[in-house]
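# Structural overview for review
The lines below spell out each chain.
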Amino acid sequence: MTDTGTVCSTIPDLLRARCQAHPERAAIILDGTKSLTFADWERRSSALGGVLQAKDVKRGQCVGLFFDTHEWIEYAIAYCAVLKAGAAAVHLGPRMAVSEVQRRLDHCDVVGVIHGTSVTPPGGRGWRAEMATLESIPPAPLRCEIGPQDLADILYTSGTTGTPKGVRVTHGNNTFGREVQVQRLFERSGHFLGPFPTGTSSGQAMINFALSGGPTVLVMSSFEPKRIYTLIEQFHVDNLMVAPATALELINSDLDRPYDVSSIRMVSSGSAYISPATTRALAGIFPNANVLTHYGSTEAVPALIYASFDPKRPTSLGRPGPGTEIAICDETGERLPPGAVGEIWLRSSAPPRAFHKDPERNARVYADGWTHMGDLGSLDEEGCLHLFDRAADAIRCNGQLVSSLQIEGALYECPQILEAAVVGVPEPALGQAVAAAIVLKPGASIDDFRRFIESHLSEHQMPAVIRQVESLPRGTIWKVLKRELRGWFEPGTERGTLVTMLPQASTANAS
């Protein structure tokens, strides 16, 4: 349902309903200056959709979108135009490696790419057309009827543990439970700030939030902390969503003056694990806010786990949201009792998602409506989820399963730490050893860091090797790329400063 009482089963339905209800309201504001009303969004996307159909774009085909972040509004218009033409959107951007863009174009069999004025996508499959050129063509009437079963997007996973995987998303999945999401996330919200780039699954989510019937969505062309604080103050933003890396930048930013952030009522983070220390710091920066943690995945949306941060239960990610079920299962699929660590499964009553051109992975990840998350966790007696680790990132050391996330959580408690990430590296005697990459705060002492972790980590958690680096490897939405980080610890690698092996780790190796 929408604020007009209309049932919306497709993204164009949502936009049409918003336009009818609030034609002159700003749906999206870029950098606090350039805005897009629902009326202009509806008009321009319909015209561009007609042009695409005249270019012989057919129902079910894929069209790429390639825009820089300062072309956010054009990106949103082109997205809805592609869907109105009956096609599906493939989200791309200049932050991606050329080889990755070309891989996605081939993987999705795109028939063409719409791009912004300031960027040109790499060559390859299909036509290339600048959006301004397409909009100069007299439009033809739209002549394609789409339904909830039609493909809307092919979104790609973050690629933190391997090559990003394409996920097929239907209109029905995109629009499922929209009114409940609005009520829970955006109740009485006026302005929602989401500093995420174009061409990503998070960027697509910002467009969907703009169509939610809730607040005006603020987007940005650059993501400096001072700019975020300025927009909060300028628009009295009440709802803020950030990636954990952005949260760290907000926490550690050197501000030239105090900013009024008293309007913020909700801060949420969910694109990756966020440590309890970071969440506590966010609560300190935004004292009037409810700090919300989310757990889900590109593969499982709209299945979602979330909770308000509770300092008394800092590792709890909360309970299932409306329409979501959770199970913790062993390798045979048997459910495990509270407290036992197993694989996290989520299930939603929404139309399912699926991997693109990957039947083997679909069979492995999706079964009987459940999504096998590839993460390890446990449920407590109250049904709250506690994340142990990504299964691919858990460290198998001397017959014991060690959580890289728990170690990272402890490292972020250290006053000297700016950023930290932990991986397992091969160790013949133990199977794997703990390795940590750290970014110290300016002026911090490595000796003070040593003393801290020696008193805060258990022996089995102690890193065998540490590299002090200037920054961590991150993807397009700033998640740490642990598959790349592991290479930093290979023999002969000269990355940052190699810190001498810690005494506890040396003892463990010797045993």
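Above this text you will find the structure in question.
Figured I'd write up the structure that's included with this text. Not measured: the values here are computed from a predicted model.

### Section: the overall build of the chain
Scanning the chain for helices and strands turns up 16 helices and 27 strands. For the chain, the C-alpha radius of gyration of 23 Å lies close to 24 Å, the compact-globule estimate for 511 residues. If you line up the chain on its principal axes, its C-alpha atoms span 75 × 55 × 45 Å. Evaluated residue by residue, the chain yields a buried proportion of 57% over its 511 residues. Sequence-distant contacts in the chain: of pairs separated by 6 or more residues, those separated by 24 or more amount to 68%. Counting only carbon and sulfur atoms, one obtains 51% of the accessible surface of the chain, whose full area is about 20,800 Å². Across the chain, the mean location of the 47 positive side-chain charges is 4 Å away from that of the 55 negative side-chain charges.

### Details of the nonpolar core
If you look at the biggest cluster of nonpolar residues, it comprises 77 residues, and the most contacted ones within it are Trp41, Ile114 and Phe286. Broken down by element, this core gets its largest block of residues, 11 residues, from helix 3 (residues 72–84). Apart from residues lying up to four places away in sequence, Trp41 is in contact with Leu15, Ala27, Ile28, Leu36, Ala76, Ile77, Cys80, Ile207, Ala210 and Leu211. With 25 residues, the next largest nonpolar core counts Ile407, Cys414, Ala436 and Met462 among its residues.

### Considering the state of the cysteines
Applying the stated rule across the entire model yields 0 disulfides. Looking at the unpaired Cys329, the closest cysteine sulfur is the one in Cys384, lying at 18 Å.

### Brief notes about the sheet that holds strand 18 (residues 354–355)
As summarised here, the arrangement of the 7 strands in space is 6-5-3-4-7-8-18, forming an open sheet in which the pairing is mixed. In this open sheet, the two strands that pair with only one neighbour each are strand 6 (127–130) and strand 18. In this sheet, strand 6 lies alongside strand 5 (residues 112–115) in parallel orientation, the contact comprising 4 bridges. Within strand 6, the residue paired with Val113 across the bridge is Arg128. Sitting on the sheet, helix 3 touches strand 3 (62–66), strand 4 (88–92), strand 5 and strand 7 (151–156), and the angle it makes with strand 4 is about 150 degrees.

### So, helix 2 (residues 38–54)
Over its 17 residues, helix 2 extends 24 Å from the first C-alpha to the last, a length consistent with the 24 Å expected when each residue adds 1.5 Å. In terms of residue burial, helix 2 counts as a mostly covered element, since 12 of its 17 residues are buried. Listed as buried for helix 2 are Phe38, Ala39, Trp41, Glu42, Ser45, Ser46, Leu48, Gly49, Gly50, Val51, Leu52 and Gln53. With its phi angle positive at about 75 degrees, Asp56 sits one or two positions after the end of helix 2.

### Re helix 3
Over its 13 residues, helix 3 extends 19 Å from the first C-alpha to the last, a length consistent with the 18 Å expected when each residue adds 1.5 Å. Most of helix 3 is tucked away: 13 of the 13 residues are buried. With its phi angle positive at about 95 degrees, Gly86 sits one or two positions after the end of helix 3.

### Some words on the packing of aromatic side chains
Taken as a whole and judged by the stated rule, the model has 9 aromatic pairs. A centroid spacing of 5.7 Å and a plane angle of 45 degrees characterise the contact between Phe355 and Tyr366, whose relative ring orientation is tilted. Of the two residues, Phe355 is situated in strand 18 and Tyr366 in strand 19 (residues 366–367); the sequence distance between them amounts to 11 residues. Residue Tyr366 is classed as buried on the basis of its relative accessible area of 18%. Following the ring pairs from residue to residue traces out a cluster consisting of Phe67, Trp72 and Tyr75. Here the guanidinium or amino end of Arg361 rests over the ring plane of Phe355, the centre of that ring lying 5.8 Å away.

### As for the pattern of salt bridges
By the definition in use, this model includes 24 salt bridges. Within the structure, one salt-bridge network assembled from shared partners comprises Asp106, Asp109, Arg125 and Lys357.

### Overview of the side chain of Arg104
Structurally, the position occupied by Arg104 is in helix 4 (residues 98–107). Assessed through its relative accessible area of 8%, Arg104 is described here as buried. Once you skip the residues sitting within four places of it in the chain, Arg104 turns out to touch His91, Leu92, Met96, Tyr156 and Pro164.

### A short note on the pairing of strand 25 (residues 431–440)
For strand 25, the buried fraction is high: 8 of the 10 residues fall into the buried class. Across 10 bridges, the pairing between strand 24 (residues 417–427) and strand 25 is antiparallel. In the strand pairing of strand 25, Val425 is matched with Ala433. Between strand 24 and strand 25, which pair antiparallel and follow one another directly, the connecting turn spans 3 residues. For strand 25 and strand 26 (residues 465–468), the ladder comprises 4 bridges, and the chain directions are parallel. The residue bridging Ala436 from the neighbouring strand is Ile466, located in strand 26. Remark: the strand 25/helix 14 (residues 446–456)/strand 26 crossover connection has right-handed handedness.

### So, the environment of Ser458
With respect to the secondary-structure elements, Ser458 resides in the loop between helix 14 and strand 26. For the pair Ser458 and Ile407, spaced 51 residues apart in sequence, the C-alpha separation works out to 9.3 Å.

### Some words on unusual backbone geometry
With an omega of 15 degrees, the peptide bond between Val301 and Pro302 qualifies as cis. A positive phi angle, close to 70 degrees, is found at Trp478, a residue other than glycine. Looking at where Trp478 falls in the secondary structure, it is placed in the loop between strand 26 and helix 15 (482–487). The class for Trp478 is buried, based on a relative accessible area of 15%.

### Regarding the side chain of Glu71
Structurally, the position occupied by Glu71 is in the loop between strand 3 and helix 3. Although Glu71 lies buried, it forms no salt bridge, and the closest oppositely charged side chain, Lys34, sits 7.9 Å away as judged by the N-O distance. At a separation of 2.7 Å, a polar atom in the side chain of Glu71 contacts the main-chain amide nitrogen of Thr117. Not counting chain neighbours up to four residues away, the residues in contact with Glu71 comprise Gly116, Thr117, Ser118 and Val119.

Rules of the game
- Residues numbered from 1 in each chain as written.
- Predicted model: local features only at pLDDT ≥ 70, side-chain atom pairs only at ≥ 80, totals over all residues.
- Heavy atoms only, no water.
- Helix = DSSP H or I, 4+ residues; strand = E, 2+ residues; numbered from the N terminus.
- Rg over C-alpha atoms; globule rule 2.2 N^0.38 Å.
- Buried < 20%, exposed > 50% of the residue type's maximum accessible area, 1.4 Å probe, protein only.
- Contact = heavy atoms within 4.5 Å.
- Areas by Shrake-Rupley, 256 points an atom, 1.4 Å probe, with all protein chains shown as cover.
- Lys, Arg positive; Asp, Glu negative; His and termini not counted.
- Charge placed at Lys NZ, Arg CZ, Asp CG, Glu CD.
- Core = buried A, V, L, I, M, F, W, Y, C linked by side-chain atoms within 4.5 Å.
- Disulfide = S-S within 2.5 Å.
- Pairing = 2+ DSSP bridges.
- Axes fitted to C-alpha atoms, helices over the stretch in contact; angles between N-to-C directions.
- Expected span 1.5 Å × (residues − 1).
- Phe/Tyr/Trp six-rings, centres within 6.5 Å; stacked < 30°, edge-to-face > 60°.
- Lys NZ or Arg CZ within 6 Å of the ring centre and 35° of its normal.
- Salt bridge = Lys/Arg side-chain N within 4 Å of Asp/Glu carboxyl O.
- Right-handed = clockwise from strand over helix to strand, strands pointing away.
- Polar contact = N/O pair within 3.5 Å; in protein donor to acceptor, adjacent residues only side chain to side chain.

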